[in-house]
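# Structural overview for review
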Amino acid sequence: MENQIIYLDNNATTPMAEEVVAAIADANALFGNASSMHSYGREAAYAVEQARARVAELIECDPEEIVFTSGASEANNTVFSIFRDIIDLGSKRNRIVTTTIEHPSIVETVKFLRSRGYAIDEVPVDRTGMVSLDVLATYLGEDVALVSVMTGNNEIGTIQPIAEIAKMAHAVGAFMHTDATQAIGKIPVTMKSWGVDYLSLSGHKFYGPKGIGVLAARKKAPFEAFVHGGHQEGGKRAGTYNTPSIVGLGVASEIAMRDLESEHARLWHLREMLRIGLEERIPNIVVNGNQDHCLPGTLDISFPSAEGESILLYLDMEGIMVSTGSACASGSLEPSYVLLASGVDIELAHGSIRFSFGRYNTEEEVLYVLEKMPPIIKRLRGMSTR
Ligand code: PMP
């Protein structure tokens, strides 16, 4: 195993699957503008529509409900922008309800909209990162326009009861959005059965290309373009079709559907192997998130008296790539806001590491990590002045 790279940061991004790379290479030849009426245009449009059908099958909605975007950040921003418009137009429903542990593409949008005077509530979560339905109920009323709750958290993996939350949102007449970016390919994701009105996803989190994602919106759900321009996507999102990436996303969707059950079991096995092994070898560690409702490949652990960033750098020297709690704010030494919002003590939040597994990880790699971790933590704890 020496000199090998062990990539355990699959929640940050995944490598493209071989089939995706091959499909993109073929699709690069389809250079026609998918909106053109000539044969080159129609060829590209056919490939785009085929991919749309695959994504729709993956998340159980109609192909016409799929809108391709540049990723999940744009999809999330679009949803909030739609409801900002609705509120601006004087709707009596003028409040948005979300949670304290959403991805920064929602957290920062909330901060921005609040600074402009919009009423947005962030429902707190418990120590495991779960939204309590009883607590959520106290935030819901006839003035709520939108409820937005992520399916699975990118840092700690906690999975929310989306179907129940959608039911509660609908009971007060609000629309329901879920950011399912981290859940795709790991747990069954279904717009139809969950009853959600909007769903965001991103290609690069499930072996597809970067810079491509989807906002799916049910036909009855309000929609206003976030990017104005040409008539692509029925006027819902302008911009010449990124045919190769869309094709890649379609193939990634097909793989995600095909391998869902086996990958779920495999990822959970690797995650549990690492968790149990670390608990046996290293005293005084804390597993974050909800162990009963957790994305199968996500393991977030706090190592008291050791800094997360130092652990990350020592692991990197051993060829093991992980992230600290606040992956999306990398470069910053701020403790993870997700852990703090879950009521995790600030010292524990500083010492947290996220291991996230993907389709190319093996048991052998877990054994290697189990060998390398204990001396690193021992050394760092010896150095700690806390
Ligand atoms: N939502 C979640 C839950 C995510 O994990 C990410 C990626 N870190 C995003 C949204 C943003 O996705 P994208 O990179 O496609 O903008």
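Residues numbered from 1 in each chain as written. Predicted model: local features only at pLDDT ≥ 70, side-chain atom pairs only at ≥ 80, totals over all residues. Heavy atoms only, no water.

### Observations concerning the overall build of the protein
Assigned secondary structure in the protein consists of twelve helices and 13 strands. Scaling as 2.2 N^0.38, a compact globule of 386 residues should have a C-alpha radius of gyration of about 21 Å, and the protein matches this with 21 Å. Judged by the C-alpha coordinates and their principal axes, the protein covers about 65 × 50 × 35 Å. Burial analysis of the protein (386 residues in total) assigns 56% to the buried set. (Helix = DSSP H or I, 4+ residues; strand = E, 2+ residues; numbered from the N terminus. Rg over C-alpha atoms; globule rule 2.2 N^0.38 Å. Buried < 20%, exposed > 50% of the residue type's maximum accessible area, 1.4 Å probe, protein only.)

### Section: the pattern of salt bridges
Per the counting criterion, the structure on display carries 24 salt bridges. Ionic pairing is found between Arg-354 and Asp-9, a salt bridge with its closest N-O pair at 3.0 Å. One end of the pair, Arg-354, is in strand β13 (residues 352-356); the other, Asp-9, is in the loop between β1 (6-7) and α1 (18-27), and 345 residues separate them in sequence. Comparing Arg-354 with Asp-9, the two get one shared label, buried. (Salt bridge = Lys/Arg side-chain N within 4 Å of Asp/Glu carboxyl O.)

### Section: the domain arrangement of the protein
If you check the domain split of the protein, you get domain 1 (6-14 + 260-383) and domain 2 (18-255). Taking only C-alpha atoms, the centre of domain 1 and the centre of domain 2 are 28 Å apart. Contacts between the two partners involve 34 residues from domain 1 and, on the opposite side, 33 residues from domain 2. Contact between domain 1 and domain 2 buries roughly 2900 Å² in total, counting both sides, with carbon and sulfur atoms accounting for 54%. (Domains from an automatic or database assignment. Contact = heavy atoms within 4.5 Å. Buried area = accessible area lost by both parts, 1.4 Å probe.)

### Observations concerning the sheet that holds strand β10 (residues 298-302)
Strand pairing in a sheet takes place through backbone hydrogen bonds and is either antiparallel or parallel in direction. Taken in spatial order, the four strands of this open sheet run β9-β10-β13-β12, and their pairing is antiparallel. Sheet topology places β9 (286-288) and β12 (323-324) at the edges, where each strand pairs with a single neighbour. Where β9 and β10 come together, three bridges link them in antiparallel fashion. Directly across from Asn-288, in β10, lies its bridge partner Asp-300. Helix-sheet contacts for helix α9 (residues 308-317) involve β12 and β13, and the interaxial angle to β13 is about 45 degrees. (Pairing = 2+ DSSP bridges. Axes fitted to C-alpha atoms, helices over the stretch in contact; angles between N-to-C directions.)

### Re helix α6 (residues 162-171)
Among the residues making up α6, those that are buried are Ile-162, Ile-165, Ala-166, Met-168 and Ala-169. Here the buried residues of α6 occupy an arc of 160 degrees about the axis, which is enough to place them on one side. Along α6, exposed side chains directed more than 90 degrees from the buried face belong to Lys-167 and Ala-171. Tucked inside the fold, the buried residues of α6 contact α5 (133-137), β5 (144-148), β6 (175-179) and α7 (191-194). Within two residues after α6, Gly-173 carries a phi angle of roughly 85 degrees, on the positive side. (Arc of directions from axis to C-beta.)

### Regarding the environment of Glu-19
Residue placement: Glu-19 occurs in helix α1. Owing to a relative accessible area of 37%, Glu-19 belongs among the partly exposed residues under this scheme. Distance in space between the C-alpha atoms of Glu-19 and Thr-243 is 16 Å, their sequence separation being 224 residues. Not counting the four nearest positions on each side in its chain, Glu-19 is found in contact with Val-251, Ile-255 and Arg-258.

### Overview of the packing of aromatic side chains
This model, assessed by the stated rule, comprises four aromatic pairs. Look at Phe-83 and Tyr-198: their rings are 5.8 Å apart centre to centre, the planes differ by 85 degrees, and that puts the pair in the edge-to-face class. Of this pair, Phe-83 sits in helix α3 (residues 72-88) while Tyr-198 sits in strand β7 (residues 198-202); the two residues are 115 residues apart in sequence, bridging distant segments of the chain. For the pair Phe-83 and Tyr-198, one class covers both residues: buried. Pairwise contacts between aromatic rings join Phe-83, Phe-175 and Tyr-198 into one cluster. Note that Lys-236 overlies the ring of Phe-223, its terminal NZ or CZ placed 5.4 Å from the centroid. Across the ring face of Tyr-207, the terminal group of Arg-359 is positioned such that the distance to the ring centre comes to 5.4 Å. (Phe/Tyr/Trp six-rings, centres within 6.5 Å; stacked < 30°, edge-to-face > 60°. Lys NZ or Arg CZ within 6 Å of the ring centre and 35° of its normal.)

### Focus on the packing of helix α2 (residues 39-59) against helix α8 (residues 243-281)
One can describe the packing of α2 onto α8 by two numbers: an axis separation of 8 Å at closest approach and a directional angle of 30 degrees. With respect to their mutual orientation, α2 and α8 come out roughly parallel. Classified by chirality, the crossing of α8 by α2 is left-handed. Counted together, Ala-44, Ala-47, Val-48, Ala-51, Arg-54, Val-55, Glu-57 and Leu-58 of α2 and Thr-243, Ile-246, Val-247, Leu-249, Gly-250, Val-251, Ser-253, Glu-254, Ala-256 and Met-257 of α8 form the full contact between these two elements. Taken together, the residues of the contact of α2 with α8 break down into twelve nonpolar, three polar and three charged. (Parallel < 35°, antiparallel > 145°, perpendicular 65-115°, else oblique. Left-handed = near helix turned anticlockwise from the far one by under 90°. Nonpolar A, V, L, I, M, F, W, Y, C, P; charged D, E, K, R; others polar.)

### Quick word on the nonpolar core
With 67 residues, the main nonpolar core has Ile-59 and Val-147 as its most contacted residues. Residue contributions to this core reach at least three from each of two domains, namely domain 1 (6-14 + 260-383) and domain 2 (18-255). Once residues lying within four places of it in the same chain are set aside, the contact partners of Val-147 are Val-97, Leu-140, Ile-165, Ala-169, Ala-174, Phe-175, Met-176 and His-177. Within the second largest apolar cluster, 29 residues are counted, among which are Leu-278, Ala-306, Leu-315 and Phe-355. (Core = buried A, V, L, I, M, F, W, Y, C linked by side-chain atoms within 4.5 Å.)

### Some remarks on the side chain of Asn-361
Within the fold, Asn-361 resides in the loop between β13 and α12 (363-383). The exposure class of Asn-361 is buried, given its relative accessible area of 4%. One polar contact links Asn-361 to Asn-10, side chain to side chain, over a distance of 3.2 Å. When sequence neighbours within four positions are dropped, the list of residues in contact with Asn-361 reads Tyr-7, Leu-8, Asn-10, Arg-266, Leu-270 and Ser-356. (Polar contact = N/O pair within 3.5 Å; in protein donor to acceptor, adjacent residues only side chain to side chain.)

### Quick notes on the side chain of Ser-342
The residue Ser-342 is located in the loop between α10 (337-341) and α11 (346-350) in this model. For Ser-342, a relative accessible area of 4% corresponds to the buried category. Those residues in contact with Ser-342, other than ones at most four positions away along the chain, are Ile-101, Val-125, Asp-126, Arg-127, Gly-129 and Ile-156.

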